[in-house]
Amino acid sequence: MAADRIYISVILPLRLEWEPCYSYTGDIPCPPESMTGPEAEIKDNRTEGVRRGDRVRVQFAGKEYIGTVDQVGILPQISPDKIKGIISVERELAPVSEEERTLWKQVAEYYMCSIGEVSKAAYPAGKISEEKKLAGMQQREEERRNKKISLLREKLAKLQGKRPQEGKIREKIAAAEAELQRLQGLMPGEGNTLPMPDDRIMLSQAQEKAFLKIKEAFGKGMPALLKGVTGSGKTEIYTKLACECIRAGKNVLYMVPEIALGRHLEMRLQEVFGARLMTFHSGESMARRRDTADRVRTAEGYIVLGTRSSIFLPHHNLGLIIVDEEHDSSYKQDSPAPRYNGRDTAVMLAGIHGCDIVLGSATPSLESLYNCMSGKYTIAELKERYHHAEDAEIEIIDTIAERKKNGMRGSFSVRLIEHIRETLDEEGQVMLFRARRSFSPAVQCIECGFIPKCPHCNVSLSLHKRKNDDGHGRLVCHSCGYSAPFTGQCQKCGGEMRGLGAGTQKIEEEVSALFPSARVARLDSDTAQSPVYSKETVRKFSKGETDILIGTQMVTKGFDFPNLRLVAVLQADTLLGIEDFRADEKAAQLLEQFRGRCGRRDRRGLFVIQTSAPDHPVYRILAEGTKIEETALLSERKLFSYPPYTRVINIEIRDKSEQRAMLMSTKLYGILEAGAQPYALTGPFSPAVDKAADNYIRVIRLNLRKDKNLVGTKRRIMTAVNDFESKEKYAGHIAIDVDPI
Ligand code: ADP
Ligand code: ZN
């Protein structure tokens, strides 16, 4: 059957500034069943066999890709006989919805990358074989699930035929019913027979007030910011909002920065939403994530608990988005593009779906607070903890002064040791936070002062010891992972090498020596290599089977341990010393979050900060409970033209040759500087780590005015960078980061 040729544009999972054009003729096999389903009702832009959003297999630059159809029926810009036909329409891959494609475009525009790069983040298996394999796997999985369901049904019928009043049998029936519900819950075609979540959550007066304020914001189509101290019952409010949304027949996206260790929340939501709850994060297998995506595509009344990438799921009929711990920097994707922030992208997604959105945190970001001040968001506050426990008391210990008085024992001040001892005597638990993992963050020769660095990065090597190490341990690069045995001898002069400072591993050793009868555990990204170990560590600590838990950032957030009486941060200065305009804000948030771990119930906890800079304003903010938006932190941002008053864009140049990195960044700087520009330029400068994995790094920073020309300015910058890249044949060396963190 000969048919007319139709021209389509296709989004390819590549860094392309344009969408290549392909032709489609009706004689490409297209079974009639592909025309059923909800998409078939969208008549516009529909042609014989290929529609917008369809996945198609095409050839580009000698390779085969699966892309997404964007426009159908376009006028080709080049001679039609130069346009290739598509190879096939991939019917077993579900089409990409209008909302998804709109999100891709908005993210690409905002974060200055290509739509293809965003599409790749949304559908990561860009290679054909992988996608096909996954499609096959899903099918097999589905078959397996169906088989399980029918077996379970048989079993249930048999059990019910016995004596269902008997306790044991009743238990078995309940278990089988629960499993059956999980398996068939939210499956397409099964209909949605799940019970509605119970929204009779009794809120306290303060919660009720905040709840109504949020609803009022929703009524006005405005995002809401819920600012509430840890334990004030934010989760309870989210849950109630989510219940209402599902009862109204809509879907919910509940975003969190990380899930790995925070199973606690998952269990709480599971209780309320049962089989309606799905999780989605990068720790799950690719097959499972695709499976969740498939269920999201068709399910009704679902709630997804997920990390930032859950934003790219094929959501439909969204009624509510919750962004918990909205200040958290884990929402930002560093690399590869799109370098998006899950929180801000969630606001975009809410706009596309016209749905409600609530951001929440005990320590909201300055950006969100500023949005409340300028009337873009509505703020709702919870000032007290639900159980009325007081915030942990703060004690700041000046380590320099203590050292002079002979009041230090290794990393610990005598005062902190006493506090720990007292807490242990009263059978309370202790958590210690140190921002550096390893035994020693660096090593140095005591003879010549030499500090070994990574051969590939401009980073000092850290000393790591291992339990069964016969030698001295290993030197490890925290930037690229390079490691070498530590001989204890200087490679320059043969002198003796000593550790500089104490990381979590050394702290653990010190703690065991100071408190020999205490049960001690450590949690950092070294121990977290084993998820089983991490889970077990958290479980033991929450059961009171461990007395002292030592860890990095990992321990500062998300947990609720009722018997935790004392939290302490060692060498808090490392949090402050970073050359970054956000460092103080982040330090204040981190410390406040950590403080919130403690004394959540009946009695007041203690938060000890050991620092060599006790007068730093961050500690004052904490101790005096000053609102961060009312401190110098915000006025300084204005003074120095930093966000939220401007928009920052970093252009990063990476090159194996240091000279070329310098040359090219200076050249690009010159281009961006030419003429009067509505932005301020700094650079090219060397970032704190200016060489990583054999690449030299230079950064050009732009501070853009936030005005109506912003979009146009960004577009011009992007064009300038792209032109530079192609003219200089410099592709792959430049990365643009909008709103860097
Ligand atoms: P947050 O999310 O602000 O840290 P949570 O929602 O976890 O606070 O609440 C802290 C504690 O108070 C939890 O143990 C929670 O079960 C309890 N809680 C909060 N609100 C209510 C409520 N309305 N009814 C019963 N318990 C509540
Ligand atoms: Zn390295």
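Residues numbered from 1 in each chain as written. Chains lettered and ligands numbered in written order. Predicted model: local features only at pLDDT ≥ 70, side-chain atom pairs only at ≥ 80, totals over all residues. Heavy atoms only, no water.

Asker: Which parts of the structure should I look at to understand the side chain of Asn703?
Answerer: Assignment of secondary structure puts Asn703 in strand E29 (residues 695-705). In terms of polar contacts, Asn703 uses its side chain to reach the backbone carbonyl oxygen of Ser641, at 2.6 Å. (Helix = DSSP H or I, 4+ residues; strand = E, 2+ residues; numbered from the N terminus. Polar contact = N/O pair within 3.5 Å; in protein donor to acceptor, adjacent residues only side chain to side chain.)

Asker: Just checking my understanding: could you explain the pattern of salt bridges for this structure?
Answerer: Oppositely charged side chains can form a pair if their charged atoms are brought close together. In this structure the tally under the stated criterion is 39 salt bridges. For Arg582, the salt bridge identified is with Glu367, shortest N-O distance 2.7 Å. Taken together, the residues Arg582 in the loop between helix H15 (573-576) and helix H16 (583-596) and Glu367 in helix H10 (residues 366-373) connect sequence positions 215 residues apart. Given the relative accessible area of 8%, Arg582 is considered buried. Taking relative accessible area as the criterion, Glu367 reaches 16% and is therefore assigned buried. Between Arg660 and Asp655 there is a salt bridge; the shortest N-O distance is 2.9 Å. Exposure remark for Arg660: the relative accessible area of 40% places this residue in the partly exposed category. Its relative accessible area of 0% is what places Asp655 among the buried residues. Each of Glu395, Glu402, Lys405 and Arg415 takes part in salt bridges that share partners, so that together they form one network. (Salt bridge = Lys/Arg side-chain N within 4 Å of Asp/Glu carboxyl O. Buried < 20%, exposed > 50% of the residue type's maximum accessible area, 1.4 Å probe, protein only.)

Asker: Help me understand the packing of helix H1 (residues 98-110) against helix H9 (residues 342-353) in this model?
Answerer: To characterise two packed helices, one gives the angle between the axes of the helices and the distance between these axes. Following both chains from N to C, one finds H1 and H9 inclined at 140°, their axes separated by 10 Å at the closest point. Between H1 and H9, the angle falls in the class oblique. As for the relative orientation of H1 and H9, their crossing is right-handed in sense. Contacts from Glu99, Thr102, Leu103, Gln106, Val107 and Tyr110 in H1 reach Thr345, Met348, Leu349, Ile352 and His353 in H9. Tallied by class, residues from the contact of H1 with H9 come to 6 nonpolar, 4 polar and 1 charged. (Axes fitted to C-alpha atoms, helices over the stretch in contact; angles between N-to-C directions. Parallel < 35°, antiparallel > 145°, perpendicular 65-115°, else oblique. Left-handed = near helix turned anticlockwise from the far one by under 90°. Contact = heavy atoms within 4.5 Å. Nonpolar A, V, L, I, M, F, W, Y, C, P; charged D, E, K, R; others polar.)

Asker: How do you make sense of the site of ligand 1 when you look at a structure like this?
Answerer: Around ligand 1 lies a shell of 16 residues, among which Met202, Gln207, Gly231, Lys234 and Thr235 are the nearest. Within the backbone of Lys234, a nitrogen or oxygen atom sits 2.9 Å from an oxygen atom of ligand 1. Between ligand 1 and the protein, one listed contact pairs an oxygen atom with a side-chain N or O atom of Thr235 at 2.5 Å. Within the complex, the protein chains bury 79% of what would otherwise be the 560 Å² of accessible surface of ligand 1. With 3 residues, the single largest contributor to the shell around ligand 1 is helix H6 (residues 234-247). By residue class, the composition of the shell around ligand 1 is 4 nonpolar, 7 polar and 5 charged. (Near = heavy atom within 4 Å. Areas by Shrake-Rupley, 256 points an atom, 1.4 Å probe, with all protein chains shown as cover.)

Asker: Could you clarify how one ought to interpret the sheet that holds strand E7 (residues 251-255) in this entry?
Answerer: Neighbouring strands of a sheet are bound in pairs by backbone hydrogen bonds; such pairs are parallel or else antiparallel. The strand order E8-E9-E7-E10-E11-E6-E12 describes an open sheet built from 7 strands, whose pairing is parallel. Looking at the sheet topology across the chains shown, the edges are occupied by strand E8 (277-280) and strand E12 (378-382). Mean inter-strand twist for the sheet, computed between neighbouring axes without regard to direction, equals 20°. By the bridge criterion, 5 bridges tie strand E6 (residues 224-228) to E12 in an arrangement that is parallel. Of the residues in E12, the one forming a bridge with Leu226 is Ala380. The sheet strands contacting H9 are E7, strand E10 (318-323) and strand E11 (356-361), and the helix crosses E10 at an angle near 165°. (Pairing = 2+ DSSP bridges.)

The values reported here are purely geometric and, on their own, carry no functional implication.
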